[in-house]
Amino acid sequence: MTGPLTSLVLGQAAPAGQWLRQNGDVIVDRGIEHLQLTAISIGLGLVISIALSVIALRYRRTYRPITMAAGVVFTIPSIALFPVLRPYFGLTATTAIIGLTLYTLLFLIRNILVGIESVPADVVEAAEGQGYARNRLFVEIELPLALPVILAGVRIATVTTIGLVTITGLIGYGGFGFFIFDGLRSNLYLPKLLVGALAPMVLALLADGALQLVERALTPWSRRAAG
Amino acid sequence: MEALIDAVGFLADPGNWAGDRGILVRLIEHIQLCVPALLAAMVVAIPAGVLAGHHRRGQAIGTFIANVGRAIPTLALLVFGLILSVRVLGLGISYWPTVFALFFLALHPLFTNTYTAVKNVDRSLVEAARGMGYDERRLLLEVEVPVASPVIFTAIRIAAVQVVATAPIGALAAGGGFGRFVLDGFGSRDYGLMYAGIILIALLALATERLVDAIERVAVPDGLRLDAEDDVVSVAAASGRAV
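Colleague: I'd like a rundown of the overall build of chain A, residues and numbers included.
Modeller: Scanning chain A for helices and strands turns up ten helices and zero strands. Sequence-ordered secondary structure for chain A, helices as α and strands as β, is α-α-α-α-α-α-α-α-α-α. Taken against the 2.2 N^0.38 rule, which gives 17 Å for 227 residues, the C-alpha radius of gyration of chain A at 22 Å runs more than 25% over that of a compact globule. Projected onto its principal axes, the C-alpha coordinates of chain A cover approximately 75 × 50 × 30 Å. With 227 residues in all, chain A has 40% of them scored as buried.

So this is what it looks like as C-alpha cells:
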C-alpha cells in the first residue's frame, strides 16, 4: 500500500506537524486578520445596506437600480475586483475592505428588503394608528420583525466573505489565505497550502453555526412560533 | 481613468493580438481551461441532479452541497486542484490544477439547480403521465427532463459564466488564459495590461452567456422557454457564491 495518496499523506505528515508547531503564532495572527477583515466588511456592509434599503423603500424609483447594482457588483470576479481597486487605493487594507464590503451588499440588501416587505400590513397599520411616526415605526416595529430574515442574510454574507477574504492575499492580506499565496511561492509547500485552504472552511462553518445561535437568541418569538 | 485609456490602447494595437503571448493565444488557452472542466462537470452533475430530483431523494445532499459549497473559497478549490494534479496524478502545474478547480466549481450550481428543477416539475404532469402508463424511464426522459430543461439550461449558463470568470485564478498556478494579463499587469504595475485582461474576461463571460442562450433556443421546446429575465445576476445570487 504505497500508492501516491498514501505516500502523500505519510510523507507530509511529519514536516506538516513540525511546520504547524513552529508557526502557531503566525497562523493565529492571520486568523485574527481573517476575522477582522470579515467583521469590518460585514459591519460596513450592514450600515450601507440599511441606508440603501431605506432609500429604496422610501423612493420606489430607486428600488430597482439599487438591487440591480448590488447584483451586478456581486458578479465581478474577485480576482479582478481587487486588482481594479489597486491603482486607486494601493496594497492597503482599504482596498481589501472596499472590495469585501461591496460583495456583502447583495445578500444584505436583498434580505433587508424582503424582511421589511414581509412585515404584515395590519401590524404596520396598528402601529400607525397608535401614532408611531415613520422613523420610530421603522426602528421599533419593522426592523425587529424583519430580524430573522435580515440575520439569515448576514449569515450568507458572512460565509461568502470568509471565503473571499482569502483572495485579498493578492494584495498582501488574505487572513488564512495568505498561506495559499505563500505556499504557491514556496514550491507548493503542502502544509501552507492546506492551512490556507482548510482553515477558512472551518472558520466559515463555525461562523455559520455561531450566527445561527445568535439568530435564535435574538428572535425568541420565532422559536416559539415554530415549536 | 488613465489605466482604462491604456487598456483600450492595448486592445486596439494589432501587435498585441498576434504572437505566442498575444490575445488570441490567451483566448484559446482560456477556452481550453473552461470547456473540458464545464463538460466534465455537466456529465457528472446533471445526471446526478436529474436522478436525485426524480427520486426526490437528494434534499440532504443538496443542502449539504449548497452550504459547504459556499464555504469553500475558490482559492481552496485551486489548492485541491493543485494537490490532485501535482501530487496525486503527477500531471504537473499550470494546466490541470485549474481544470480540476473549475470542474469542482461547476458541480455545485449544476447539481443543485438541476435537482431543484426536476423535483419541482408539476406533480399533476407526473401523475397524468403515470396514469397514461408511462414507465419510470419514459416519465423521466419524456416528461420530467424536457419540462425541467429551461431551468437546467439556466444552471448551465450560471456554471459556464462562473467558470469563465473564475478561470483567471489559474494564472496564480502558472496557468494561461486571460488571467495572465491580469496578474502580469498586477505584478508589474502595468495597469493598462491588467484592465485589458479584465475587459477581455468580462467580454468572454458575456459571449459565453449568449452562446448558452443560443444553444438553449435550439434545444428547448418553444412552449417551455422561460423569459430571458432570469439572468445571471439573480441566479448567481441564488447559487450564492462570489467568484
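Alright, that's what it looks like, and here's the rest.
Colleague: Before we move on, could you go through the interface of chain B and chain A and cite the residues and values that matter?
Modeller: In this assembly, 35 residues from chain B lie in contact with 35 residues from chain A. Going through the elements one at a time, α3 (59-71), α4 (74-88), α7 (136-166), α8 (179-187), α9 (191-219) and α10 (232-239) of chain B are the ones with two or more residues in the side of chain B that touches chain A. For the side of chain B that touches chain A, the per-class residue count stands at 28 nonpolar, four polar and three charged.

Colleague: Can you tell me about helix α1 (residues 2-12) of chain B, naming the residues and giving the values?
Modeller: Looking at α1 of chain B, one finds that the buried residues are A3, A7 and F10 of chain B. Down the axis of α1 of chain B, the buried side of the element spans an arc of 60°, and every buried residue falls inside it. Opposite the buried face of α1 of chain B, by more than 90 degrees, sit the exposed residues E2, I5, G9 and A12 of chain B. In the core, the buried residues of α1 of chain B are packed alongside α4 (78-89) of chain A together with α9 of chain B.

Colleague: Quick rundown of the packing of α1 of chain B against α9 of chain B? Include the residues and the values.
Modeller: Residues and elements named next belong to chain B. The geometry of α1 relative to α9 is characterised by a closest axis approach of 7 Å and an angle of 70° between their N-to-C directions. What the angle tells us is that α1 and α9 run roughly perpendicular. Pair α1 / α9 crosses with right-handed handedness. Packed against α1, whose contacting residues are A3, L4, D6, A7, G9, F10 and L11, the element α9 presents Y191, G192, L193, Y195, A196 and I199 at the interface. Residue composition of the contact of α1 with α9, grouped by class: ten nonpolar, two polar and one charged.

Conventions adopted
- Residues numbered from 1 in each chain as written.
- Chains lettered and ligands numbered in written order.
- Predicted model: local features only at pLDDT ≥ 70, side-chain atom pairs only at ≥ 80, totals over all residues.
- Helix = DSSP H or I, 4+ residues; strand = E, 2+ residues; numbered from the N terminus.
- Rg over C-alpha atoms; globule rule 2.2 N^0.38 Å.
- Buried ≥ 20, exposed ≤ 12 C-beta atoms within 10 Å, placed from the backbone.
- Contact = placed C-beta atoms within 7 Å.
- Nonpolar A, V, L, I, M, F, W, Y, C, P; charged D, E, K, R; others polar.
- Arc of directions from axis to C-beta.
- Axes fitted to C-alpha atoms, helices over the stretch in contact; angles between N-to-C directions.
- Parallel < 35°, antiparallel > 145°, perpendicular 65-115°, else oblique.
- Left-handed = near helix turned anticlockwise from the far one by under 90°.

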